[in-house]
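# Coordinates in review
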Amino acid sequence: MKLPLLFLSLISIIKAESTSFSFVGNGFCTTEDGDYYDYLHFDNVASEQQCGSSVYCGRSFVRGFSYNEGTKWCYCFLDDSWISNNAVPADIKDMHGYSPLPFMSGTARGIITSSNEQEWFKCFSNNQFGIETTNLYYFVGDGSCMTSGENNEGGERYNYISYAGVKSIEVCASYCGQKYYRGFSYDDADNCECFFDSSAETTAAVMEWKTLPGYIYSYFENPGRGTITSSDKESMVRKCYSNDYIADQ
């Protein structure tokens, strides 16, 4: 899967506390290929700025939003499977206007780059989603990364290399941005774990990266293989990110 071109023109920016959004176009947000995202829906949201605020769609796991000025409808767009893999935050569920039936039939993942051009909505993309500036990873869930198990509850764990004292999630992403890594987890204590497939070829390939600053441990006995699609949800401060583009490297 090739990364789509980033926005050809950024007509306007909405800044909502620490999150900023770029105007993409009229309509519901989509990928460049026209695929739709899963979403959370809110009624009676007073303005475009409020829809993009941290109260509603201005959150790190939201890809962007669409807003209808006439109906006051606000839609927060999420990567495919995010809702089934993660609990919707309690403060969202308790908000006035929250629809208890989120849309979960979308297939889109990654950066919002287009819209379906319906004139009564406007689409905005989250410029600061997770670590999207790396163009490599998308957020999967809380805790350590896993394969998908029954009912998306988490399956097998991956082999990993662990580093301490990694000062930012961007540095962790650069550590884990090599060809054979499936993704990584990072926590607020500056711990970084890079996950890779269980195979002799992959294990041999990643050994050279034990020389990076902060290396503390490596583990090669877990059976996980393939795309990271779930997390163990055992820690709210540790976040799991999947390398959705490993096939292109």
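Residues numbered from 1 in each chain as written. Predicted model: local features only at pLDDT ≥ 70, side-chain atom pairs only at ≥ 80, totals over all residues. Heavy atoms only, no water.

## Re the pairing of strand β5 (residues 64-68)
Regular strands have side chains that alternate between both faces of the sheet. Burial runs high along β5: five of the five residues are buried. Of the two faces of β5, the one lined by Gly64, Ser66 and Asn68 and the one lined by Phe65 and Tyr67 are each fully buried. With five bridges connecting them, β5 and strand β6 (residues 73-78) associate as antiparallel partners. Paired with phenylalanine 65 across the two strands is cysteine 76, which belongs to β6. Between β5 and β6, which pair antiparallel and follow one another directly, the connecting turn spans four residues, one of which, lysine 72, has a positive phi of 65°. Sheet topology note: the β5/strand β8 (residues 122-126) ladder contains four bridges and is antiparallel. Residue phenylalanine 65 lies in a different strand from β8, and its bridge partner there is phenylalanine 124. (Buried < 20%, exposed > 50% of the residue type's maximum accessible area, 1.4 Å probe, protein only. Helix = DSSP H or I, 4+ residues; strand = E, 2+ residues; numbered from the N terminus. Pairing = 2+ DSSP bridges.)

## So, the state of the cysteines
Taken as a whole and assessed by the stated rule, the structure comprises six disulfides. Across the disulfide, cysteine 145 is cross-linked to cysteine 240 (sulfur-sulfur distance 2.1 Å). Measuring handedness by torsion sign, the sulfur bridge of cysteine 145 and cysteine 240 sits at about 120° and is right-handed. Within this pair, whereas cysteine 145 is found in strand β10 (residues 145-146), its partner cysteine 240 is found in strand β16 (residues 239-243), the two being separated by 95 residues in sequence. On the basis of relative accessibility, which here comes to 1%, the residue cysteine 145 falls in the buried class. Note that cysteine 172 is cross-linked by a disulfide to cysteine 192, the S-S spacing being 2.1 Å. Between cysteine 172 and cysteine 192, the S-S dihedral sits near 85°, and the bridge is therefore right-handed. Here the residue cysteine 172 occupies a position in helix α4 (residues 169-175), and cysteine 192 occupies one in strand β13 (residues 192-196), the gap between them amounting to 20 residues. (Disulfide = S-S within 2.5 Å.)

## Looking at the confidence of the model for the protein
With 83% of its residues at a pLDDT of at least 70, the protein reaches an overall mean of 78. Across the protein, element-level confidence peaks in β5 with a mean pLDDT of 95 and bottoms out in strand β1 (residues 13-16) with 40. Across residues 1-18, confidence stays below pLDDT 50; counting only partners more than four residues off in sequence or on other chains, it has 41 contacts. Low pLDDT, under 50, characterises residues 245-249; the predicted model gives this stretch 16 contacts beyond four residues in sequence or across chains. (pLDDT = per-residue confidence, 0-100. Contact = heavy atoms within 4.5 Å.)

## Re empty space enclosed by the protein
In this structure the tally under the stated criterion is one cavity of 30 Å³ or more. Volume-wise, the largest cavity comes out at about 40 Å³. Lining the largest cavity are Asp79, Asp80, Ser81, Trp82, Asn85, Asn86, Arg109, Tyr138, Phe139, Val140 and Thr229. Elements with a contribution of two residues or more to the lining of the largest cavity: α2 (82-85) and β9 (137-142). For the lining of the largest cavity, the leading source of residues is β9, giving three residues. Class assignment of the residues belonging to the lining of the largest cavity gives a composition of four nonpolar, four polar and three charged. (1 Å grid on protein atoms, 1.4 Å probe; cavity = no way out; pocket = protein on both sides within 12 Å on 5 of 7 lines; lining within 4 Å. Points joined across faces, edges and corners; volume = space filled by probe spheres on them. Nonpolar A, V, L, I, M, F, W, Y, C, P; charged D, E, K, R; others polar.)

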